[in-house]
Amino acid sequence: MRKESEASVMEIDDQKSTAPDQINNPKFSINVLQLLKSSQMQHGLRFGDYTRYRRYCTARLRRLYKSLKFTHGRGKYNKRAITATTITEVRFLHLVLYTAERAWSHAMEKRQLPDGPNARQRSYLIGRLRKAVKWATLFADLCAIKGDSRTSLEAEAYASYMKGNLLFEQDQNWDIALKSFKSARAVYEELGKYGDLENQVLCRERVEELEPSIRYCLHKIGESNLQTSELLHIGEMEGPALDLFKAKLEAVMAEARSQQAASMTEFYWLGDRFPISNAKTRVAILKAQELEKDLHGPTAESLPADKRLVIFDKVFAAYNDARSCIRNDLVTAGNSENVKDDLSGLDKSIGAVLGQRTIERNQLLVSLAKSKLTKSRDDKNEKVTKPEELVRLYDLLLQNTADLSDLVSSGRDRKPEEVAFAEECALRSLVFRAERCFYLAKSYSSAGKRTEAYALYCRAHSLADNALKELKSLTTIDQVMMKELKTLYDDCRSNSCIEHATGIMEEEKAPENLSNKISTISLTGADKKPEKFLMEKLDTYESAVGDSNTKGVPRIEAFPPPFQAIPRNPIVLDLAYNSIEFPSLENRMKKDRKGFISMLWR
């Protein structure tokens with residue numbers, strides 16, 4: 001009993017001794033990932049603008065230093081270190097965190113320079129990353145002392161992530177970088193199991209963003225069987241944590257292209273060979289050709305349409321870079337006619353390839369529009385495609401085909417390959433004209449104009465028939481185009497019959513519909529006021545009851561009629577009467593004569 005009482009007294013004394021420590025050393029809580037994610041998304045990183053985010057971090061630090069009265073002197077700089085004893089509130093931890101973020105964003109800003117960082121800029125970039133690692137490590141150490149358990153874990157994950165970024169950029173110690181990334185991933189995986197839903201989603205996103213860097217480290221160590229194409233697919237993911245990985249991957253691919261471009265000396269197009277002397281032109285053409293493999297390879301059909309459109313944009317950018325280099329070479333070519341001819345031919349061939357890829361991209365847009373034409377609403381609740389949009393796309397295709405045909409036919413001496421290509425362009429133009437006429441007829445049909453729609457369907461049918469005849473006369477027949485033309489031919493025939501029959505039915509019902517609509521004409525109506533009453537349109541020929549597109553019931557005139565202003569007799573006010581001075585008339589007035597007797601009776 002005595003021992004138990006002594007033990008209880010000791011426990012009470014321990015509790016009393018630890019209570020002041022808990023009061024003097026409070027534990028702070030920071031949701032690090034959520035705080036950084038909201039700051040990044042709201043201040044530039046949603047669009048990859050690291051300059052804006054760095055300026056935000058600088059302004060945030062200035063406000064924190066001023067509000068905490070933790071400035072470094074006025075005039076002369078006096079360094080004030082942040083230690084565990086300095087931290088009396090959570091904003092001191094924010095100081096350390098945003099200092100690390102500012103250094104990291106500055107490094108990423110240098111990484112995203114247009115031509116890439118040079119040797120001096122790269123050295124500065126690595127110095128900024130070292131600074132970010134230093135402050136992130138200090139943040140983890142301070143959170144271990146002053147923060148709760150969750151904050152300490154998140155700070156450790158953040159420091160590991162920054163250390164992995166530094167080693168990733170330095171191209172060394174891949175095993176240590178792998179260990180750092182895996183440590184951060186393990187922490188975020190555990191934190192993703194607890195907390196509110198938003199925090200769980202953020203942790204899972206960070207785990208997915210770390211995965212490509214881990215796989216790349218394994219690839220560099222040699223413990224992974226990843227191919228270069230698989231790394232490219234990994235780089236298609238989005239997120240601020242992947243920007244350094246994408247930059248590293250792009251640098252590796254550029255180096256590989258430079259090595260391959262050394263063996264690429266000529267560009268082949270329609271039987272012609274054009275020499276390529278500029279290394280930048282080779283690299284740009286090689287990059288475009290690698291991207292074209294994704295568009296025309298065996299896995300092209302499995303790619304979603306939005307990704308294919310992104311690849312098309314990259315192809316256009318690569319070919320435009322190549323043409324820019326070629327035109328710069330033309331300026332500096334001097335008087336050498338042979339060199340100028342080769343460069344002009346190379347520029348023409350790349351321009352023709354660009355025209356072909358533009359046609360392919362617009363055809364992809366047409367296929368997307370056709371898939372939405374028959375739906376009332378698509379899966380994402382977007383608007384359906386109207387026939388007029390397809391008419392506009394086919395106008396673009398016709399213009400692209402005409403430009404490509406003019407470019408190919410611009411030479412004096414035309415080779416058989418160029419003649420065959422021009423004939424193919426003419427056939428494509430005929431097919432596009434038939435398709436355009438078909439969808440133009442659909443737009444007239446939806447507007448209720450049966451006669452115009454029937455005439456356009458017949459015209460599209462004739463154009464499709466001519467295109468089929470020309471396609472069958474070729475030695476090599478495109479089976480896909482043949483199938484599309486037959487489908488168009490049958491659709492034109494069936495739709496023209498439908499329009500003809502619908503037009504006849506409407507013509508037969510026209511008198512009855514006209515009489516029914518005339519019977520609905522009234523002076524008053526429950527519907528809203530029309531744009532114009534019939535009495536206001538007597539001098540214009542415009543059908544009010546015979547047109548199928550007429551909306552609402554026609555009305556003759558507004559009843560009861562509105563009040564109208566009418567003239568009335570004027571009100572005369574004689575203002576001069578009061579100012580007239582009339583002559584005295586007393587001398588003309590009759591005077592009363594009074595006698596002596598009347599004076600007595602007075």
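Rules and cut-offs
Residues numbered from 1 in each chain as written. Predicted model: local features only at pLDDT ≥ 70, side-chain atom pairs only at ≥ 80, totals over all residues. Heavy atoms only, no water. Helix = DSSP H or I, 4+ residues; strand = E, 2+ residues; numbered from the N terminus. Buried < 20%, exposed > 50% of the residue type's maximum accessible area, 1.4 Å probe, protein only. Contact = heavy atoms within 4.5 Å. Axes fitted to C-alpha atoms, helices over the stretch in contact; angles between N-to-C directions. Parallel < 35°, antiparallel > 145°, perpendicular 65-115°, else oblique. Left-handed = near helix turned anticlockwise from the far one by under 90°. Nonpolar A, V, L, I, M, F, W, Y, C, P; charged D, E, K, R; others polar. Expected span 1.5 Å × (residues − 1). Core = buried A, V, L, I, M, F, W, Y, C linked by side-chain atoms within 4.5 Å. 1 Å grid on protein atoms, 1.4 Å probe; cavity = no way out; pocket = protein on both sides within 12 Å on 5 of 7 lines; lining within 4 Å. Points joined across faces, edges and corners; volume = space filled by probe spheres on them.

Can you lay out the overall build of the chain for me, pointing to particular residues and giving the numbers?
Along its length, the chain carries 19 helices and two strands. For the chain, with 602 residues in total, the buried portion stands at 36%. The contacts of the chain with a sequence gap of at least 6 include a subset with a gap of at least 24, amounting to 66%.

Report on the packing of helix α4 (residues 91–111) against helix α5 (residues 119–146), specifying residues and quantitative values.
How two helices sit against one another is set out by the angle between their axes and by the gap between those axes. Viewed as axis vectors pointing N to C, α4 and α5 meet at an angle of 160°, and their least axial separation amounts to 8 Å. For the element pair α4 / α5, the angle class is roughly antiparallel. Both α4 and α5 take part in a crossing whose hand is left-handed. Considering only residue class, the contact of α4 with α5 consists of 17 nonpolar, two polar and five charged.

Could you give an account of helix α7 (residues 174–191), naming the residues involved and the relevant values?
Here α7 spans 26 Å end to end across 18 residues, near enough to the 26 Å set by a 1.5 Å rise per residue. Among the residues of α7, those classed as buried are Trp174, Ala177, Leu178, Ser180, Phe181, Ala184, Arg185, Val187, Tyr188 and Leu191.

Mind laying out the nonpolar core, listing which residues take part and the relevant values?
For soluble globular proteins, nonpolar side chains are generally found buried alongside one another. Among the nonpolar cores identified, the biggest contains 64 residues, and Leu93, Leu95, Trp104, Phe139, Tyr158 and Tyr188 are the most heavily contacted of them. Mapped onto this core, the elements with two or more residues apiece are α2 (32–42), α3 (50–67), α4, α5, α6 (149–170), α7 and α8 (197–221). With residues near it in sequence (within four places) discarded, Leu95 still touches Leu61, Leu64, Tyr65, Leu68, Phe70 and Ile82. The next biggest cluster of nonpolar side chains, apart from the first, holds 62 residues, and it includes Ile276, Val315, Ala322 and Val353.

Which residues make up empty space enclosed by the protein, and what values do they have?
Evaluated as defined, the whole model comprises two cavities of 30 Å³ or more. Estimates place the volume of the largest cavity at around 90 Å³. Residue lining of the largest cavity: 12 residues in total, with Leu36, Gln40, Tyr158, Tyr161 and Arg206 positioned closest to the centre. Only α2, α4 and α6 provide two or more residues apiece to the lining of the largest cavity. A per-element tally of the lining of the largest cavity places α2 first, with four residues. Residue composition of the lining of the largest cavity, grouped by class: nine nonpolar, one polar and two charged. Approximately 30 Å³ is the volume attributed to the second largest cavity.

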